[in-house]
Amino acid sequence: MKRLIALSIITILGSSFAFAQEHNPIKVNQVGYYPNQEKTAAVEKSAEAKKYTLTDANGKVVWKGKGTRKAVSHWSDKEREIVDFSSVTTPGEYTLTAGKLTQKVIIKAKALEDVAIAGMKAFYLQRTGEPILEQYAGKYARPAAHPDTCVYVHPAAATEARPAGFKLSSPGGWYDAGDFNKYIVNSAFSHGIMFAAYEMNPEYFNAMKLNIPESNNSTPDFLDENLVNLKWMLTMQDPNDGGLYHKLTTPNFEGFVMPATCKQQRYVTQKTTSAALDFAAIMAKASRIYGKFAEYKEFAAQALKQAEFAYKWAEKNPNVYYDQFGNNKKYQPQVNTGEYGDRRFDDEWFWASTELFLATQNMNYLQDVQKYTPKQFTIPTWGQVSGLGAYAWIAAGLKDDKAKMVLDMTGNELTKFADELLATVPTSCYNTPYGNVENNFHWGCLAESCCGQAIEMLYVYRITGNKKYLTAAIENADYVLGRNATGYCYVTGFGQTPTMHPHQRLSAADGIDDPLPGFLAGGPNPGQQDKNASLPEYPSNYPDESYLDHDGSYASNEIAINWNASLVALMGWLEAEVGPL
Ligand code: G3I
Ligand code: 9MR
């Protein structure tokens, strides 16, 4: 039996039931607070009390006080009260009491370590083309599937050297998300944000223990897990011209079945400028990171060579976007899977030229960097990667005159961006920089906006040394883990009221009640693009409550490698920063 209270049970497709969980009106980070950092709860109006107390495991009152402030939602008349018990710094399990209501509170060192590790281990569970073994995955073990050793070139990608129907081998890597396809743009971003955090905290990530098949070798598990998908990416380059196939996919999404039962033919599709440049960027970055280890030297050299080849292809093909709609009018079979569509490449040029300059010191790349330096900072996402370039400059911190201009520009912009976010906290219902404006809620928002903002603020903390930015980053982590409008802890397997029904074929079709652990849900999305007759109604249309914990809800409850990458980057960085303190 699923362990939570069932309120609505509606399904036509029969894949699973929808459970609206009963949530505690005292909203806290359900995973844990760091002893020496800020600790707040957000209390719904129904539970507001004149006085709040925190008692320890022996029933002793260790803190009592009033709420610090009330805040009204920006889009409904719902009111919440913020309660601040930061002065309690002794690790332990406590009870926060508001009148007749109570909520468990955990304070401990390394509070987010388990989430960081599970978030990274989730990539092992997404591996394709190899058996997932019980000794690493427990009950989530499954046989190998999707070998991808015989993939066809789709007519939209045909060239003289590799015509339509040409067979190639492109095995391994990670499933992209709830689906079973593999996409270059999203893969590159996923490594990009994880390596960004890695570059700022190499000791922490190098020491991460994941219990994966490579755990007994001499190299870091974190790099080994990333290498699995990077190696797949190398196979997606056409060795004849350097171009990158945009994705490896079935014509249509598979049903909600386990991978080993899938029979559809898989194809590599049209080459694109975004795939080539994102590939160039991440392979150049990987060449620097992996090149520091003797064991990876060969891979590092290969990665840089292929990166430069891809960049050359992009120079000759600077404006080729992925046109699924157009291709479907011209070619068979039609392809209806994820697009990762993007028609503007300035940001990809900036990121790729940055990483190639940092890897080679070749001044031609620096010219492109200067040409494409963005005027504004934006949080990096799969479709807007200039921020990954900015982060690479911060990490490199080059004092060289030519590079300094870019570094100053990106550094100043980052601080300005963070200050604007911080200004929203004093009137926030959840005491977070995230979630105070409607456009913070969209497909994949918990990663792209919530974790994304927090990662940005950690850079600013490193640049300025001002602790307010660290606090703000922790506040966004609290949001993901339960101090939010729905009361979900949005990481599977964590907290009292976790996401239970992610849109993930592996979780839905395996016959196991609990979803695969360590996955971050996309999150509240008022766009509700998945609304249809076979899906239960969303419980709310308010932006921050427009979330449906149902495995049919791909617009609010899918999981994805880029989102988990942001989760790992944030939780890992926080652990590196304050974990043991
Ligand atoms: O970025 C804008 C934001 O500025 C705006 O405020 C907001 C308001 O609606 O919209 C944001 O754009 C959304 C974008 O996601 C954010 O990245 C779009 O509306 C939304 O349509 C778009 O959805 C993408 C989705 O595919 C549909 O194309 C997701 O980013 C993307 O992660 C998702 O990717 C899919 C793959 O195609 C297939 N595999 C699963 C994967 C995850 O769902
Ligand atoms: O499972 C698919 C998911 O990975 C995608 O993000 C999403 C949007 O492209 O589409 C999902 O597949 C759905 C399809 O688009 C429409 N029919 C139902 C599919 C899910 O069962």
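If you're wondering where the values come from, they're calculated on a predicted model, not measured in any experiment.

Draft legend 1. Spatial organisation of the packing of aromatic side chains. In total, this model carries 32 aromatic pairs according to the counting rule given. Centre to centre, the rings of tyrosine 175 and phenylalanine 180 are 4.8 Å apart; their planes meet at 50 degrees, and the pair counts as tilted. As far as the burial class goes, tyrosine 175 and phenylalanine 180 line up, both buried. Between phenylalanine 205 and phenylalanine 222 the ring centres are 4.9 Å apart and the planes differ by 45 degrees, which places this aromatic pair in the tilted class.

Draft legend 2. Looking closely at the site of ligand 2. The local shell around ligand 2 consists of Asp179, Phe253, Phe256, Trp443, His503, Arg505, Tyr554 and Glu558. In this structure, an oxygen atom belonging to ligand 2 sits 2.8 Å away from a side-chain N or O atom of arginine 505. At 2.7 Å from an oxygen atom of ligand 2 is found a side-chain nitrogen or oxygen belonging to glutamate 558. Protein contacts shield 60% of the accessible area of ligand 2, which totals 450 Å² for the unbound molecule.

Draft legend 3. Structural detail: the site of ligand 1. The immediate surroundings of ligand 1 are formed by 15 residues, with Asp176, Gly338, Trp382, Glu448 and Glu558 found nearest. Residue aspartate 176 places a side-chain N or O atom 3.0 Å away from a nitrogen atom belonging to ligand 1. The contact in question runs from a nitrogen atom of ligand 1 to an N or O atom on the side chain of aspartate 179, over 3.2 Å. Out of a free accessible area of 780 Å², ligand 1 has 62% covered by protein chains. Judged by its atoms lying within 2 Å of the grid points, ligand 1 is housed in the largest pocket.

Draft legend 4. Molecular detail of unusual backbone geometry. In the segment running from glutamine 332 into proline 333, the intervening peptide bond is cis, with an omega of -10 degrees. In this fold, proline 333 is placed in the loop between helix H8 (324-330) and helix H9 (346-360). Residues other than glycine seldom take positive phi values, yet glutamine 528 does so here, at roughly 40 degrees. Mapped onto the secondary structure, glutamine 528 falls in the loop between helix H15 (505-509) and helix H16 (554-557). According to the relative accessible area criterion, glutamine 528 is buried, its value standing at 7%.

Draft legend 5. Main features of the layout of surface pockets. The space that makes up the largest pocket amounts to roughly 700 Å³. Surrounding the largest pocket, 30 residues form its lining, Phe253, Trp443, His503, Tyr554 and Glu558 being those nearest its centre. Classifying every residue of the lining of the largest pocket by side-chain character gives 12 nonpolar, 10 polar and 8 charged.

Draft legend 6. A look at the confidence of the model for the chain. Looking at the chain as a whole, the pLDDT averages 95, with 96% of positions reaching at least 70. This model gives residues 1-19 a pLDDT under 50, and the stretch forms 44 contacts once residues within four places in sequence are excluded.

Draft legend 7. Structural detail: the pattern of salt bridges. Within this structure, the stated rule accounts for 25 salt bridges. Of the charged contacts, one joins glutamate 545 and arginine 80 as a salt bridge, the two residues approaching to 3.8 Å between their closest N and O atoms. Of this pair, glutamate 545 sits in the loop between H15 and H16 while arginine 80 sits in strand S6 (residues 79-84), placing them 465 residues apart in sequence. The exposure class assigned to glutamate 545 is buried, which follows from its relative accessible area of 13%. On the basis of relative accessibility, which here comes to 1%, the residue arginine 80 falls in the buried class.

Draft legend 8. Quick peek at the sheet that holds strand S4 (residues 61-65). Taken in spatial order, the 4 strands line up as S4-S3-S7-S8 in an open sheet, and their pairing is antiparallel. Bordering the open sheet on either side are S4 and strand S8 (101-107), each of which pairs with just one other strand. This sheet shows a mean twist of 20 degrees between the axes of neighbouring strands, independent of strand direction. Pairing analysis gives 4 bridges linking strand S3 (residues 52-55) to strand S7 (residues 92-98), with the strands arranged antiparallel. Bridge assignment links threonine 53 to a residue of S7, and that residue is threonine 97.

Procedures and definitions
- Residues numbered from 1 in each chain as written.
- Chains lettered and ligands numbered in written order.
- Predicted model: local features only at pLDDT ≥ 70, side-chain atom pairs only at ≥ 80, totals over all residues.
- Heavy atoms only, no water.
- Phe/Tyr/Trp six-rings, centres within 6.5 Å; stacked < 30°, edge-to-face > 60°.
- Buried < 20%, exposed > 50% of the residue type's maximum accessible area, 1.4 Å probe, protein only.
- Near = heavy atom within 4 Å.
- Polar contact = N/O pair within 3.5 Å; in protein donor to acceptor, adjacent residues only side chain to side chain.
- Areas by Shrake-Rupley, 256 points an atom, 1.4 Å probe, with all protein chains shown as cover.
- 1 Å grid on protein atoms, 1.4 Å probe; cavity = no way out; pocket = protein on both sides within 12 Å on 5 of 7 lines; lining within 4 Å.
- Sits in = over half its atoms within 2 Å of the grid points.
- Helix = DSSP H or I, 4+ residues; strand = E, 2+ residues; numbered from the N terminus.
- Points joined across faces, edges and corners; volume = space filled by probe spheres on them.
- Nonpolar A, V, L, I, M, F, W, Y, C, P; charged D, E, K, R; others polar.
- pLDDT = per-residue confidence, 0-100.
- Contact = heavy atoms within 4.5 Å.
- Salt bridge = Lys/Arg side-chain N within 4 Å of Asp/Glu carboxyl O.
- Pairing = 2+ DSSP bridges.
- Axes fitted to C-alpha atoms, helices over the stretch in contact; angles between N-to-C directions.

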